[in-house]
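Observations on the three-dimensional arrangement
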Amino acid sequence: MSGLATKHEQILKYIEELAVGEKISVRKIAKNLQVSEGTAYRAIKDAEIVGFVSTIKRVGTIRIERKQKDSIEKLTYAEIVNMIDGQVLGGRAGLHKSLNKFVIGAMTVEAMERYTDAGNLVIVGNRVDAQELALERGAAVLITGGFDTMDLVKKLADDKELPILSTTYDTFTVATMINRAIFDQLIKKEVVFVEDILTPLEKTAYLNTSDRVEDWYKKETVTGHSRFPVVNKAMRLSGMITSKDVIDKNLSISIERVMTKNPLTVGPKMSVASVSHMMIWEGIEVIPVVKEDLTLIGIVSRQDILKSLQMIQRQPQIGETIDDTITNQLIEKPNDETSELDFQFTVTPQMTNNIGTLSYGVFTQIVCDVVQQKLFSLKKRNVAIENISIYFLKPIQMDATIVIKPRILEIGRKAGKIDIELYLEGILVGKALVACQMMER
């Protein structure tokens, strides 16, 4: 098994070192690296997940430039082809390139000159002069309506290494699809994953199943840590070992006999928010990060999670989600009579259900945000909501302004219970009871 894993890594490295834009095939990799086609296929799929390659219908698989976190909002022409179910008429060698923006060519050729620059994607219909102009100025072309183009335009696209694409969709639909994709990418940009914050394997202190308890003490002395993942010869996770596992144990006993087997693990693509909740719920300090076959690739600590959550709070949210819209609508409203902190909220049309009243999901999110902000004001910064009971007493209409009153029922160092009341023009319209846990430093 370890030999197969090593071959897999070699194939991924081979793909990574290929020139951007080069075509990749299962048969070619199998022949060049002398591996089975099944092994080559799995490696190509992994490379696609990581972002090294892209597979396009009727074109094949090509090596693309891996996106960095700070440029994820840029789409490649290869992604555009897949998104619009399009055809590549020419300029295949440029499919790996990224577009800076798209331009709708619904104007005269003279006017287009002012708006078309290198790195653009010009969306046009069956207009050969506009297609030529775009390619000459360094922009790729997307022809809507299912039209083909002339051979001289295709040759120009090949010479310039700029894709010329065709789709059966109309211009408005295509523009909407690309806009939606860019917006989704912007939202993804703000989501922090385990792979963004993990301590990589080369910096991870771990033990082997063949080690002894005395090796745990040596590792603790060197690193200052007391929790270590335990791996077998193939670097697959076998367990976790902490100070409580070795206390009062003979120094010559095998680590495998005293370690905790089948520990909790996370994958590199899991969100940091999910991991933080898992750590609070289970009360653990360190979680191993593994591949699907349990190969260890690093660890995530509670300290890493706290740092990343603080970083997320400081980042500007470029691609705004419905949660962000709800949070931005909440306004703090100090209550002069009770000296408590209340909140005010206005219901916008996008927060309503099909009959025009506040939706259950938005109601739940409002309650969650109010709890977070209320506890934040009490210096409780890292909160995981455990359970919510919600009651609609009266429907809340669109454009209504509601007042939300949170009241602490019980709070301790690690847990709390909060009562939430929603008022519309002084009338009680909703209630919620929230139980939560706090992650302290």
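Treat the numbers as computed from the prediction; the structure is a model and nothing was measured.

1. Re the state of the cysteines
Here a disulfide denotes one covalent bond, and it connects the sulfur atoms of two cysteines. Evaluated as defined, the whole model comprises 0 disulfides. In this model Cys436 remains outside any disulfide bridge; the closest cysteine sulfur is found in Cys368, 10.0 Å from its own. Residue class for Cys436 comes out buried when judged on its relative accessible area of 1%.

2. Comments concerning unusual backbone geometry
For Asp248, which is not glycine, the phi dihedral falls at a positive 65°. Within the secondary structure, Asp248 sits in the loop between α11 (243-246) and α12 (255-258). Even without glycine at this site, Asp399 takes up a positive phi of about 70°. Checked against the element boundaries, Asp399 lands in the loop between β20 (383-392) and β21 (401-411).

3. Structural notes on the pattern of salt bridges
One pass over the structure, following the stated rule, counts 11 salt bridges. In this structure, Lys13 and Glu17 form a salt bridge, with 2.6 Å as the shortest nitrogen-oxygen distance. Here Lys13 and its partner Glu17 are both found in helix α1 (residues 2-17), 4 residues apart, which amounts to about one turn of the helix. A residue is classified by how much of its surface remains accessible, and Lys13, at 49% relative accessible area, is partly exposed.

4. Focus on the sheet that holds strand β18 (residues 331-334)
Within a sheet, adjacent strands bond to each other through the backbone by hydrogen bonds, running parallel or antiparallel. The antiparallel open sheet is built from 6 strands, whose spatial order is β18-β19-β21-β22-β23-β20. Looking at which strands have only one partner, the edges of the open sheet turn out to be β18 and β20. Neighbour-to-neighbour, the strand axes of the sheet open up by a mean angle of 30°, direction not taken into account. Relative to strand β22 (residues 415-424), β21 is paired through 8 bridges, and the arrangement is antiparallel. Bridge pairing in β22 links Ile408 to Ile418.

5. Brief notes about the pairing of β18
Both β18 and strand β19 (residues 341-346) contribute to a ladder of 4 bridges, which runs antiparallel. Residue pairing for β19: Ile331 is matched across the bridge by Gln344. The turn linking β18 back onto β19 is made up of 6 residues, and Ser339 within it adopts a positive phi angle of 60°.

6. So, the nonpolar core
Ranked by internal contacts, the top residues of the largest apolar core, which has 32 residues, are Phe345, Val371, Ile404 and Ile420. Of all the elements in the fold, those that place two or more residues in this core are β19, α16 (360-377), β20, β21, β22 and β23 (427-438). Ranked by residue count, the leading element in this core is α16, at 8 residues. Those residues in contact with Phe345 that sit more than four places away from it in its chain are Ile326, Gln329, Leu330, Met351, Ile366, Ala400, Thr401, Ile402 and Ile404. Counting residues in each nonpolar core, the second largest holds 19 residues, with Ile64, Ile84, Val88 and Ala140 among its members.

7. Structural notes on helix α13 (residues 272-282)
Two residues of an α-helix separated by three or four positions point the same way, owing to the 3.6 residues in each turn. What α13 keeps buried is the set Val272, Val275, Ser276, Met278, Met279 and Ile280. Immediately beyond the C-terminal end of α13, within one or two residues, lies Gly283, with a positive phi of roughly 65°.

8. Some thoughts on the packing of helix α6 (residues 128-136) against helix α7 (residues 151-160)
Viewed as axis vectors pointing N to C, α6 and α7 meet at an angle of 10°, and their least axial separation amounts to 10 Å. When the axes of α6 and α7 are compared, the pair comes out roughly parallel. Residue-level contacts link Val128, Gln131, Glu132, Leu135 and Glu136 of α6 to Leu152, Val153, Leu156, Ala157 and Lys160 of α7. Of the residues belonging to the contact of α6 with α7, the class tally is 6 nonpolar, 1 polar and 3 charged.

9. Thoughts on a nonpolar patch on the surface
Residues Leu378, Ile408 and Ile411 make up a contiguous nonpolar surface patch of roughly 220 Å² in combined accessible area. Secondary-structure assignment places Leu378 in the loop between α16 and β20. On the accessibility criterion, Leu378 (40% relative accessible area) is partly exposed.

10. Remarks on the confidence of the model for the protein
In this model, the protein carries an average pLDDT of 83, and 89% of its residues clear a pLDDT of 70 or more. With pLDDT under 50 throughout, residues 1-5 is counted as low confidence; its partners more than four residues away or in other chains account for 5 contacts. Contacts for the low-pLDDT stretch residues 314-319, under 50 throughout, to residues beyond four places or in other chains number 11 contacts.

11. A word on the sheet that holds strand β14 (residues 237-241)
Strand order in the open sheet made by the 4 strands is β12-β13-β14-β15, with mixed pairing throughout. Only two strands of the sheet have a single partner each, and these edge strands are β12 (207-208) and β15 (260-261). Relative to β14, strand β13 (residues 228-231) runs antiparallel, the two sharing 4 bridges. Residue pairing across strands places Pro229 opposite Met240, the latter belonging to β14. Across the face of the sheet, helix α10 (residues 213-223) comes into contact with β12, β13 and β14 while running at roughly 135° to β13.

12. Some thoughts on the pairing of β14
Burial analysis of β14 places 4 of its 5 residues in the buried class, the great majority of the element. Between the end of β13 and the start of β14, which pair antiparallel, lie 5 residues, with Met235 showing a positive phi angle near 65°. Where β14 lies against β15, 2 bridges are found, and the strand directions are antiparallel. Looking at the pairing, Gly239 lines up with Lys261 of β15.

Conventions used here
- Counting of residues starts from 1 at the beginning of each chain's written sequence and follows it residue by residue.
- It should be noted that, the model being predicted, local features are given only for residues of pLDDT at least 70 and side-chain atom pairs only at 80 or more, the latter also being counted only at that level, while totals for whole chains, interfaces and linings use all residues.
- The basis for the side-chain values is all heavy atoms of the structure; hydrogens and waters are excluded.
- We call a pair of cysteine sulfur atoms a disulfide whenever their separation is within 2.5 Å.
- Only protein chains enter the accessibility calculation, which uses a 1.4 Å probe. A residue is then buried if its area is under 20% of the maximum for its type, exposed if over 50%, and partly exposed in between.
- The helix count covers DSSP runs of H or I at least four residues long, the strand count covers runs of E at least two residues long, and both are numbered beginning at the N terminus.
- Definition used for salt bridges: Asp or Glu carboxyl oxygen within 4 Å of a side-chain nitrogen of Lys or Arg.
- What makes two strands pair is DSSP finding at least two bridges between them.
- Orientation is described by axes fitted as lines to C-alpha atoms, over the contacting stretch for helices, and by angles from 0 to 180 degrees between their N-to-C directions.
- Nonpolar cores are built from buried Ala, Val, Leu, Ile, Met, Phe, Trp, Tyr and Cys residues. Side-chain atoms within 4.5 Å join them into one set.
- It only takes one pair of heavy atoms within 4.5 Å for two residues to be counted as in contact.
- Any angle that falls under 35 degrees is termed roughly parallel, while one over 145 is termed roughly antiparallel, one within 65 to 115 roughly perpendicular, and all others oblique.
- Under the convention adopted here, Pro, Cys and the residues Ala, Val, Leu, Ile, Met, Phe, Trp and Tyr are nonpolar, Asp, Glu, Lys and Arg are charged, and Gly plus all remaining residues are polar.
- Residues enter patches when they are more than 30% accessible in relative terms and free of salt bridges; like-charged ones are connected within 9 Å and nonpolar ones (Val, Leu, Ile, Met, Phe, Trp, Tyr) within 5 Å.
- Working definition of accessibility: Shrake-Rupley area with a 1.4 Å probe, residue cover restricted to the visible protein chains.
- The quantity known as pLDDT measures the predictor's confidence residue by residue, on a range of 0 to 100.

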